[in-house]
Each structure stands twice: as C-alpha cells, then as structure tokens.
Amino acid sequence: MALLLRGAPVAAALSEDVAARASTLAERGVTPTLAIVRVGERPDDLSYERGALKRCEKVGVAVRRLVFPDDVGQEVLLDAIRSVNEDASIHGCLIFRPLPTALDEAAVCAALDPAKDVDCVTDGSLYGVFSGRPVGFPPCTAEAVLALLDHYGVSLEGARAAVVGRSLVIGRPVSMMLLARNATVTMCHSRTRDLGAVCREADVLVVAAGRPGVVGLEAVRPGQVVVDVGINWDERSARLVGDVDYDAVSGVVDAITPVPGGVGSVTTAVLARHVVEAAERSCR
Ligand code: NAP
C-alpha cells in the first residue's frame, strides 16, 4: 500500500512557523491582517471562509470580511478593492471567484495591488510565479502542492514531473514551481495524446483536471509519488473524490495524497503564511 501523504501534519508544521512569525510582527506592533472579499453566499466560498477564519485565528492573523450581495455594482466592488489597497493595516486580500457574471472579474482582480494579492489573481503575481521574482504570491493551492512534497521529503531536483491540467490557478503555476525546483516538467491537458504513457514516465505526478478517474491504473507504476488536487462530488457514492482513481492507484504507487484530507487541508495554512509574508515585506 502507498504511503499516505496527509495534509494535516503539513498544515500543522506550516501553522507553527506562521504563528511564530506573526508573534514577532505583533511585538513590533503589526497585526498581520487579511481582507476577504466575498460576493454572495456560495456554499463553497462559505466553507473555505470558515476554514480560513479558523486557521487565521489560530496563528495570529486578523481577518476583515467585506461581504456584498450578488447584485453588487462593479463600481462598489472596485471602490472596496481600492480601499483595501490604501489601507496600510491590511496586508493581504482574498477575492472569492468566480464573481457573478454581471461583474467584470478581470477588472476587479486587476484593481488589487499585487503586493496584497495573496492568492495570485493579478498579472503581477503571475509574473512572480513565472519569473521567480518576489512579486505578489503564487496561488495557495499550487503552493500547497509544493509544501506537501517538501514536508514529506520528496526530492524534486532532476525528477521527472507530470502535471495534468494547465489552468492558471493550478496546473500552470504548479508546473512553474516544480521547474523552479529543477524538476523536468511535462504539462498535460485534454488534448494530450496517450495521457497514461506520459504520466507513467513521471516520478512525481500532480493531477488537477477536475475529472474523477482521469488518472487510473494505466497511468501509474511503482516508485511514483502522486498528488491529487482534484475535488469532485461523486453522486454515486455521495462523497468527495479526487481526480485519481485512488482505490486502483494506491496499491501500485509509493505515495499518494488522500481526498479529502490531502492538498485541500494545506491551503488555508499557506494563505495565512502569505498574509504574514506580505506583512513582513511591508515592514522592510
Ligand atoms: P479547470 O480550470 O477546469 O482546468 C482543468 C484542466 O484539466 C484543464 O487544463 C483541462 O485541459 C485539463 N483536463 C480536463 N480534462 C482532462 C482530461 N481528460 N485529460 C487531461 N487533462 C484534462 O480546473 P482547475 O480550477 O485547475 O481545478 C482542477 C481541480 O482542482 C478541480 O477538481 C478543482 O475542484 C480542484 N481544486 C482543488 C483545490 C484544493 O484546495 N485541493 C483548490 C482549487 C481547485 P484543457 O486546458 O485542455 O481544457
């Protein structure tokens, strides 16, 4: 059976470090503070918000919630983002997406100061991810993947990595972050020919396709580490499942993340770390 790469110990270790850094900031009179901008009451957003509030409270990060109705106007939302930018006591800002279709999401995200962009919604943060420069922050989920691999001592230097999915939120940033760690990265997507053969080549396989079962027995071999980022609701079993066929794959590979309880449990700890890092940068 594969080693189970649980997220909880990773989140605990990250939180310990973040709490120590937050308390150093507090000694200097700075309370690292996150603004959460939420439009509407989508259950997914509310659930993530609850987790973020709990995590932030635990590590000494303050949270201010800016909540708007579904029919909020574009200018009202842009004003809120501008006020976040101008408020020196706010260090990071999380904007829940997708925004209602009546809003221009790209314009709202672009209005945020990249220095406060703790979840990579601005072009500035994307530039940071692609260039390796300390501009903005990578997406929390993408960084959670790297934090998990690091915590369990998975060597990336010179490793062959395959990433299934090329979204700007997960696939592409994860690929860039693996590349920055000197892995040799293959990015896969819906048009990739013989996905199974490409995945089998990899030492480290990261799957973020939003398709349950997209990676099964044909895509794995012994010796691999598999990180399943997918979160899907399976009607048949009435439970959350990943993108990897866990039952088939876990008997073959060396290590695998569970869903739930894997990458998803690390993201709020990364979010808190980004807020503290943003506060530290603002004091330099
Ligand atoms: P997305 O924007 O829909 O992107 C999916 C990507 O997967 C696309 O690049 C797509 O290729 C590729 N893909 C789809 N079907 C494929 C197939 N059959 N074979 C190979 N590639 C395929 O999704 P996302 O936002 O990146 O999210 C991916 C998953 O992560 C979802 O399950 C989401 O719920 C989950 N997620 C988890 C967390 C967490 O905290 N664990 C956070 C956010 C999201 P094309 O580009 O060719 O269309």
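A quick note: this is a predicted structure, and the numbers were derived from the prediction, not measured.

**Q** Even after reading the chapter, I still don't get the site of the ligand, so can you show me in this structure?
**A** Around the ligand lies a shell of 21 residues, among which Arg166, Ser167, His189, Ser190 and Val229 are the nearest. At a separation of 3.4 Å, a nitrogen atom of the ligand approaches a polar backbone atom of His189. Between an oxygen atom of the ligand and a side-chain N or O atom of Ser190, the distance comes to 2.5 Å. In isolation the ligand offers 940 Å² of accessible surface; the protein chains occlude 69% of this area. Grouping the constituent residues of the shell around the ligand by class yields nine nonpolar, 10 polar and two charged.

**Q** For this particular structure, what's the right way to read the UniProt feature "binding site: NADP(+)" (unreviewed entry) in the chain?
**A** The sites that UniProt annotates as "binding site: NADP(+)" (unreviewed entry) are Gly165, Arg166, Ser167 and Ile231. For the largest pocket, the lining residues among the annotations just cited are Ile231. With respect to the helices and strands, Arg166 occurs in the loop between strand 5 (160–164) and helix 7 (171–180). Sequence-distant contacts of Arg166, defined by excluding residues within four places in its chain, comprise Gly171, Arg172, Met187, Cys188, His189 and Arg191.

**Q** Honestly, the nonpolar core in this entry has me stumped. Any pointers?
**A** Grouped burial of nonpolar side chains is what soluble globular proteins tend to show. In this structure, Leu34, Val145, Leu149, Leu178 and Val206 are the most contacted members of the largest nonpolar core, which totals 52 residues. Those residues in contact with Leu34, other than ones at most four positions away along the chain, are Cys56, Val61, Ala62, Val63, Arg64, Gly92, Cys93, Leu94, Val118, Leu271 and Val275. Core analysis: the next-biggest nonpolar cluster, separate from the first, contains 19 residues, Ala35, Phe68, Leu77 and Ala80 among them.

**Q** Just checking my understanding: could you explain the packing of aromatic side chains for this structure?
**A** To describe a pair of aromatic rings, you give the distance between the ring centres and the angle between the ring planes. Counted according to the given criterion, the structure contains one aromatic pair. Between Tyr48 and Phe96, the ring centres sit 6.2 Å apart and the planes meet at 90°, which makes this aromatic pair edge-to-face. Of this pair, Tyr48 sits in helix 2 (residues 43–59) while Phe96 sits in the loop between strand 4 (92–95) and helix 4 (105–110), placing them 48 residues apart in sequence. A relative accessible area of 24% places Tyr48 in the partly exposed class. Phe96 sits in the buried class, given a relative accessible area of 8%.

**Q** I keep staring at the UniProt feature "domain: Tetrahydrofolate dehydrogenase/cyclohydrolase catalytic" (unreviewed entry) in the chain and nothing clicks. Help me out?
**A** Residues given the UniProt feature "domain: Tetrahydrofolate dehydrogenase/cyclohydrolase catalytic" (unreviewed entry) here are residues 5–119. Helix makes up 49% of residues 5–119 and strand 16%, and the two end C-alpha atoms of the span are 23 Å apart.

**Q** Honestly, the pairing of strand 6 (residues 184–188) in this entry has me stumped. Any pointers?
**A** Working note: regular strand, side chains alternate between the two faces of the sheet. Here strand 5 pairs with strand 6 via five bridges, running parallel. Across the sheet, the residue bridging to Val163 is Met187, located in strand 6. Traced from strand 5 through helix 7 to strand 6, the parallel crossover comes out right-handed.

**Q** Would you mind showing me how to read a nonpolar patch on the surface here?
**A** Residues Ile231, Trp233 and Leu240 make up a contiguous nonpolar surface patch of about 320 Å² in total accessible area. Of note, Ile231 is situated in the loop between strand 8 (225–228) and strand 9 (232–234). Of the residues examined, Ile231 reaches a relative accessible area of 56% and is grouped as exposed.

**Q** What exactly am I supposed to notice about unusual backbone geometry here?
**A** In most cases, non-glycine residues show a negative phi, while peptide bonds are predominantly trans. At the junction of Arg97 and Pro98, the peptide bond is cis and its omega measures out at 0° in the coordinates. As for its position among the elements, Pro98 is in the loop between strand 4 and helix 4. In this structure, the amide linkage connecting Val259 to the following residue, Pro260, adopts the cis form with an omega of -5°. Residue position: Pro260 is located in the loop between strand 11 (255–256) and helix 10 (267–283). A positive phi angle, close to 70°, is found at Asn182, a residue other than glycine. Here Asn182 shows up in the loop between helix 7 and strand 6. Positive phi is not limited to glycine here, since Asp194 has a value of about 50°. Overall, Asp194 belongs to the exposed group, its relative accessible area being 53%.

**Q** Would you mind going over the side chain of Arg55 with me for this structure?
**A** Among the structural elements, Arg55 can be located in helix 2. Within the buried core, Arg55 has no salt-bridge partner, and the shortest N-O distance to an opposite charge, that of Glu16, equals 10 Å. A polar contact is formed between the side chain of Arg55 and the side chain of Thr268, at a distance of 3.2 Å. If near-sequence neighbours (up to four positions away) are discounted, Arg55 is found in contact with Ala11, Ser15, Ser265, Thr268, Ala269 and Ala272.

**Q** Got a minute to help me understand the pattern of salt bridges in this structure?
**A** If the charged atoms of two oppositely charged side chains come close together, the side chains can form a pair. Counted under the stated rule, the structure contains 17 salt bridges. For Glu41, the salt bridge goes to Arg38, with nearest N and O atoms at 3.4 Å. Here Glu41 falls in the exposed class, since its relative accessible area comes to 51%. Residue Arg38 is classed as buried on the basis of its relative accessible area, which comes to 5%.

About the criteria used
- Residues numbered from 1 in each chain as written.
- Predicted model: local features only at pLDDT ≥ 70, side-chain atom pairs only at ≥ 80, totals over all residues.
- Heavy atoms only, no water.
- Near = heavy atom within 4 Å.
- Polar contact = N/O pair within 3.5 Å; in protein donor to acceptor, adjacent residues only side chain to side chain.
- Areas by Shrake-Rupley, 256 points an atom, 1.4 Å probe, with all protein chains shown as cover.
- Nonpolar A, V, L, I, M, F, W, Y, C, P; charged D, E, K, R; others polar.
- UniProt positions renumbered as here; feature names shortened; annotations may be inferred.
- 1 Å grid on protein atoms, 1.4 Å probe; cavity = no way out; pocket = protein on both sides within 12 Å on 5 of 7 lines; lining within 4 Å.
- Helix = DSSP H or I, 4+ residues; strand = E, 2+ residues; numbered from the N terminus.
- Contact = heavy atoms within 4.5 Å.
- Core = buried A, V, L, I, M, F, W, Y, C linked by side-chain atoms within 4.5 Å.
- Buried < 20%, exposed > 50% of the residue type's maximum accessible area, 1.4 Å probe, protein only.
- Phe/Tyr/Trp six-rings, centres within 6.5 Å; stacked < 30°, edge-to-face > 60°.
- Pairing = 2+ DSSP bridges.
- Right-handed = clockwise from strand over helix to strand, strands pointing away.
- Patch = residues over 30% accessible without salt bridge, like charges linked within 9 Å, V, L, I, M, F, W, Y side chains within 5 Å.
- Salt bridge = Lys/Arg side-chain N within 4 Å of Asp/Glu carboxyl O.
- Lys, Arg positive; Asp, Glu negative; His and termini not counted.

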